[in-house]
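Observations on chain architecture
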Amino acid sequence: MILVTGGAGFIGGNFVLDWLAQSGESVVNVDKLTYAGNLETLTSLDGNPGHIFVQADIGDRAVIDRLLVTHRPRAVVNFAAESHVDRSIHGPEDFIQTNVLGTFRLLEAVRHYWSGLSAPDKEAFRFLHVSTDEVYGSLSSTDPAFTETNRYEPNSPYSASKAASDHLVRAWHHTYGLPVVTTNCSNNYGPYHFPEKLIPLMIVNALAGKPLPVYGDGMQIRDWLYVKDHCSAIRRVLEAGRLGETYNVGGWNEKPNIEIVRTVCALLDELRPKADGTSYATQITYVTDRPGHDRRYAIDARKLEAELGWKPAETFETGIRKTVQWYLDNPNWVANVQSGAYREWVGKQYGGGTQGAERAA
Ligand code: NAD
Ligand code: DAU
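These notes cover the structure that comes with them.

Scoring rules and cut-offs
Residues numbered from 1 in each chain as written. Chains lettered and ligands numbered in written order. Predicted model: local features only at pLDDT ≥ 70, side-chain atom pairs only at ≥ 80, totals over all residues. Heavy atoms only, no water. Helix = DSSP H or I, 4+ residues; strand = E, 2+ residues; numbered from the N terminus. Buried < 20%, exposed > 50% of the residue type's maximum accessible area, 1.4 Å probe, protein only. Contact = heavy atoms within 4.5 Å. Areas by Shrake-Rupley, 256 points an atom, 1.4 Å probe, with all protein chains shown as cover. Lys, Arg positive; Asp, Glu negative; His and termini not counted. Charge placed at Lys NZ, Arg CZ, Asp CG, Glu CD. Polar contact = N/O pair within 3.5 Å; in protein donor to acceptor, adjacent residues only side chain to side chain. Pairing = 2+ DSSP bridges. Axes fitted to C-alpha atoms, helices over the stretch in contact; angles between N-to-C directions. Arc of directions from axis to C-beta. Right-handed = clockwise from strand over helix to strand, strands pointing away. Parallel < 35°, antiparallel > 145°, perpendicular 65-115°, else oblique. Left-handed = near helix turned anticlockwise from the far one by under 90°. Nonpolar A, V, L, I, M, F, W, Y, C, P; charged D, E, K, R; others polar. Near = heavy atom within 4 Å.

When you go through the chain residue by residue, the secondary structure sums to 13 helices and 13 strands. Structurally, the chain occupies a C-alpha span of about 65 × 50 × 40 Å along its principal axes. Residue burial in the chain is summarised as follows: out of 361 residues, 55% are buried. Sequence separation of at least 24 residues holds for 81% of the intrachain contacts in the chain that already meet a minimum separation of 6. Accessible area of the chain: about 14900 Å², with a carbon and sulfur share of 51%. In the chain, 35 positive and 42 negative side-chain charges are present, and the distance between their average locations comes to 1 Å.

Let us look at the environment of E239. Take E239: it is sitting in helix α8 (residues 227–240). Residue E239 is classed as exposed on the basis of its relative accessible area, which comes to 62%. Looking at E239, its side chain comes within polar contact range of the side chain of R236, at 2.6 Å.

Let us now look at the sheet that holds strand β1 (residues 2–5). The parallel open sheet is built from seven strands, whose spatial order is β3-β2-β1-β4-β5-β6-β10. Both outer strands of the open sheet, β3 (51–55) and β10 (246–249), are each paired with one neighbouring strand and no more. Pairs of neighbouring strands in the sheet enclose a mean axial angle of 20°, with direction left out of account. Pairing of β1 with strand β4 (residues 75–78) involves four bridges; the strand directions are parallel.

Further remarks concern helix α13 (residues 340–350). For α13, every residue scored as buried is listed here: Y342, W345, V346 and Y350. Each buried residue of α13 lies within a common arc of 100° when the element is viewed along its axis, so the set occupies one face. Among the exposed residues of α13, those oriented more than 90 degrees off its buried face are R343, E344 and K348. Summarising the contacts, the buried residues of α13 are in contact with α3 (85–90), α7 (198–207), β8 (212–215) and α12 (331–337).

The next point concerns the pairing of strand β6 (residues 180–185). Most of β6 sits inside the fold, with six of its six residues counted as buried. Burial of β6 is two-sided: the residues V180, T182 and N184 facing one way and the residues V181, T183 and C185 facing the other way are all buried. When strand β5 (residues 126–132) meets β6, the two strands line up parallel, connected through six bridges. Directly across from F127, in β6, lies its bridge partner V180. Read as a crossover between parallel neighbours, the route from β5 over helix α6 (residues 157–176) to β6 is right-handed. Summarising the sheet, β6 and β10 pair through four bridges and their orientation is parallel.

A few words on the packing of α7 against helix α9 (residues 257–271). Between α7 and α9, whose axes approach to 10 Å, the crossing angle comes to 40°. Considering their axes alone, α7 and α9 lie oblique with respect to each other. Read as a crossing pair, α7 and α9 show a hand that is right-handed. Touching L198, I199, M202, I203, A206 and L207 of α7 are N257, I260, V261, V264 and L268, all from α9. Partitioning the contact of α7 with α9 into residue classes produces ten nonpolar, one polar and no charged.

Before going further, it helps to spend a moment on the packing of helix α2 (residues 61–71) against helix α4 (residues 93–115). At their nearest, the axes of α2 and α4 sit 9 Å apart, and the two run at 35° to each other. α2 and α4 meet at a crossing whose hand is right-handed. Of α4, the residues touching α2 (which contributes R61, I64, D65 and L68) are R105, L106, E108, A109, V110, H112 and Y113. Residues that form the contact of α2 with α4 fall into these classes: six nonpolar, one polar and four charged.

Near ligand 1 lie 28 residues; those nearest to it are I11, D31, S83, Y158 and K162. At 3.0 Å from a nitrogen atom of ligand 1 is found a main-chain nitrogen or oxygen belonging to K32. Among the elements that make up the shell around ligand 1, the one with the highest residue count is β5 (three residues). For the shell around ligand 1, the class distribution of residues is 13 nonpolar, eleven polar and four charged.

Hydrogen bonds along the backbone pair up the strands of a sheet, which may run parallel or antiparallel. Taking strand neighbours across the sheet as the criterion, the three strands line up as β7-β9-β11 in an open arrangement whose pairing is mixed. Strands at the two margins of the open sheet, each flanked by one partner only, are β7 (187–189) and β11 (254–256). The mean inter-strand angle of the sheet, taken between neighbouring strand axes irrespective of direction, is 50°. Pairing of strand β9 (residues 221–226) with β11, which is carried by three bridges, proceeds in the antiparallel orientation. For R222, the partnering residue across the bridge sits in β11 and is K255. Sheet strands touched by α8: β7 and β9. Its angle to β9, the strand with the most contacts, is close to 75°.

Rendered as structure tokens:
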């Protein structure tokens, strides 16, 4: 069996669902259930003996030690993290606590467990650390895409905390021989994405008739990857990645934010036209920019493609259509994540919806 951390979050949840659908191997899913953790994502696994959910903090050494000894996983896949850049700007402490200290404690627990394994089990064991392209900093419009040898230049409290965790993982391999692999992926989108992030926020705000808040000039560029393709990349790296290596994961889909928002609006216009016949794009509102906002990310995923033969299955066009359709088909999931805590965050970040707006589109 494998042990997954953060498996009630967006990517971890998709990973656990796909893993259990595709393999007979069980999963111990360890998640603290922060505001971003959502067991509703996993309801289809109710009664599935292959899924063991444990609510716990990756930094809780006693619990993690016990789980490792009890379940004896052959691999640990670490998704657990604080993941939202805007929240890291409002309050960086949780990011240091989970992403840095939590990863450190998890590594120590895993090192302790791994060092007690038999020689063949020790050799076969893997610790896969899920990281981000944000550790490489920001690109100009003419810079080549990030490769695995780019210097780390994190610019937000979030990316700095992820960079720190990547360095810890690297050091645990180099110093103690822990068999690690790290993946650095670009922006994911797809089902079960918490609506604090750009794409799901735009979908839920559009449907609710609220402003669609675009930061600054909306010309910041991200590379977008459908979440299931990220999951397939992680499975492949877990299976065949070289020890101590890092692999960039990306979709070759660089797009400015405003184009993403306009695409979401156009799909909603087609799939759920407004009664008054106007476009959802009329709700686009330019708001104050994110402090220290990275201008452009781009991923060069050729190492993963050439070494391990991975390729994304979705284009942006197919993936974004599936995503918008998923949100239309799952209003209960969406309604249930928009709890009091969610409304509190939206009020803090966007001032109740329109405050901070500079000009309408
Ligand atoms: P998410 O915020 O949706 O989910 C994070 C999950 O981790 C939640 O279920 C949360 O409850 C859990 N968690 C948080 N702190 C924990 C702790 N101390 N102990 C145990 N569980 C804890 O995040 P996501 O978007 O699914 O991202 C997953 C991982 O992938 C993160 O490491 C993130 O840095 C990385 N990543 C995300 C993206 C993206 O576009 N979302 C891209 C590249 C890499
Ligand atoms: O690049 C990978 C990273 O992608 C992951 O490591 C992070 O965990 C994940 O959250 C994501 O970070 P971003 O900051 O790129 O994602 P977010 O969805 O918050 O924002 C995407 C872009 O859209 C970014 O340029 C900011 C902008 N934006 C975001 C929000 C929430 C807006 O213009 N308006 C918004 O309301």
